[in-house]
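# Notes for the structure review
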Amino acid sequence: MKKSIFLAAGLLFSMSAQAQLLDIIKSTVKDKTGVDLNVPVKNNNTTTSPKTTTTTTSTGQSNNSSANLGSLTSTQISSGLKEALSMGVTDGVKKLAITDGFFKNEAVKILMPEKLRKIDTTLRSIGMGSLADEGVKLLNRAAEDAVTEAAPIFTKAITSMTITDAKNILLGGNNAATSYLQGKTQTQLFSAFQPKVKASLGKVGADTLWKNLISKYNTFTGQAVTTDLNEYVTTETINGVFKMVADKESGIRNTPAMRTTSILQKVFGAQDGK
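Predicted, not measured: the structure shown is a model, and the values here were computed from it. Numbering of residues begins from 1 in every chain and follows the order in which that chain's sequence is written. Only residues with pLDDT of at least 70 are given local features in this predicted model, and only at 80 or more are side-chain atom pairs given and counted; all residues enter the totals for whole chains, interfaces and linings. Side-chain metrics rest on all non-hydrogen atoms present in the structure, leaving aside hydrogens and water.

## Some points on helix H3 (residues 74–96)
We count it as follows: Numbered from the N terminus, helices here are DSSP runs of H or I no shorter than four residues, and strands are runs of E no shorter than two. One fewer than the residue count of a helix, multiplied by 1.5 Å, yields its expected span. In this scheme, a residue with accessible area under 20% of its type's maximum is buried, one over 50% is exposed, and one in between is partly exposed, where area comes from a 1.4 Å probe on protein chains only.
Taking 1.5 Å of rise per residue, 23 residues should cover 33 Å, and H3 covers 33 Å from first to last C-alpha, within 8% of that figure. Every buried residue of H3 is accounted for by Ile77, Ser78, Gly80, Leu81, Ala84, Leu85, Met87, Gly88, Val89, Gly92, Val93 and Leu96.

Structure (C-alpha cells):
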C-alpha cells in the first residue's frame, strides 16, 4: 500500500505517466487485497500529521511522597500495584487485539511512516485518498494481530515486582508503574513482536504490496525511498500498548471510581492521603 503512494508521487510528472501508474497501482492493490479501486470507497479522511509519543516515561517522585502509607503492609502495597498493572495490561491488550483496535483508536492509530507522508499527501491531492487509507488500515491490522504477544511478557514482569519496586511505584508519578513495565519489558516486547508483526504484514498482504509499489515508484522516479515496515509497525505497536496501560494507571491513581476492588481502594486511597 505504501508503495502505491510512491507511485502516485511519480504520477505528477506527466498526464500519461499518471495514467500508467494509476493502472499499476489499481492492479497491484486488487491482486493483493481484493480491493477494486475503480469502485468508490468511502474516504475516512485519515489524517497524516506526525504522531507524537504520548506515553510518559518519567519515574521521578511526585508530591505523593508524603502519602499516609502507615496503615498498609508491604504485601498490600505490592498486591495493589500488581493488580493495577494487571488490569491495565489486560484491558489495554484486550481493546487493541480486536479488529479496529488500533485503526479506530486515534490515541494509538498507526499512521504513515515519516518518509512516506509526502507521498500520502500526493495521493490525496490526485483523488486517491482511498488508496492511502487502505495502506494505513493494513498497517494497523498487522498491529492488531501481533499485540496478543504482549500478555505473557507483561505477566512475568508484574509477578517479579519486588516490595521495594512497589513502594517506589506507588509514590511515583502518574505513569510510574507503566515506566517500570517499559524498563522491564521493552527489549523483550520488541523481540517477541517483530516476527509476529512480520507474519501479520504477510497475512494481510501489506508486505508484498508495499514492496512492489515502492520498487515501482523508485524505478519510475529515479529515487531510492526505503522503509522498514516491520520495524516501524513493531515500534508503533509497543507504543500503543504502553499508551493504553498508562491511561489505565493514571485513571486508577486519579479517579476513585476506577478502583474497582478493595485492595485498589485501600492502596490508592492511602496514596491520596485518604
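Past the structure itself, the notes keep going.
## Some words on unusual backbone geometry
A positive phi is found at Asp100, a non-glycine position, where the angle reads about 75 degrees. Topologically, Asp100 is positioned in the loop between H3 and helix H4 (117–125).

## Regarding the packing of helix H8 (residues 176–203) against helix H10 (residues 229–254)
The line we're drawing: A fitted line through C-alpha atoms represents every axis, and for helices the fit uses only the stretch in contact; the resulting angles, taken between N-to-C directions, go from 0 to 180 degrees. Crossings are classed by handedness, with left-handed meaning an anticlockwise turn of the near helix from the far one by less than a right angle and right-handed meaning a clockwise turn. In this count, Pro and Cys sit with the nonpolar residues alongside Ala, Val, Leu, Ile, Met, Phe, Trp and Tyr, while Asp, Glu, Lys and Arg are called charged and the others, Gly among them, polar.
Contact geometry for H8 and H10: axes closest at 8 Å, N-to-C directions at 145 degrees. Remark: the crossing between H8 and H10 carries right-handed chirality. Residues that form the contact of H8 with H10 fall into these classes: 15 nonpolar, nine polar and four charged.

## Section: helix H7 (residues 163–170)
Where we set the bar: The reported arc concerns the directions from the helix axis to the C-beta atoms and nothing else.
What H7 keeps buried is the set Ala166, Ile169 and Leu170. For H7, the angular spread of the buried residues around the axis is 95 degrees, confining them to a single face.

## Some remarks on the nonpolar core
For clarity, the cut-off: Here, the term nonpolar core denotes a set of buried Ala, Val, Leu, Ile, Met, Phe, Trp, Tyr and Cys residues that are joined through side-chain atoms within 4.5 Å. Note on definitions: a residue-residue contact is assigned when non-hydrogen atoms from the two residues lie within 4.5 Å.
Counting residues in hydrophobic clusters, the biggest one holds 59 residues, and the most contacted among them are Leu81, Leu181 and Val233. Within the residue set of this core, elements represented by two or more residues are H3, helix H5 (129–146), helix H6 (150–159), H7, H8, helix H9 (206–221), H10 and helix H11 (262–271). In terms of residue count, H10 provides more of this core than any other element does, nine residues in total. The contact partners of Val233, leaving out residues within four places of it in the chain, are Ile110, Leu139, Ala142, Ala143, Val197 and Leu201.

So, to be careful, I would describe these as geometric facts and stop short of saying anything about function.
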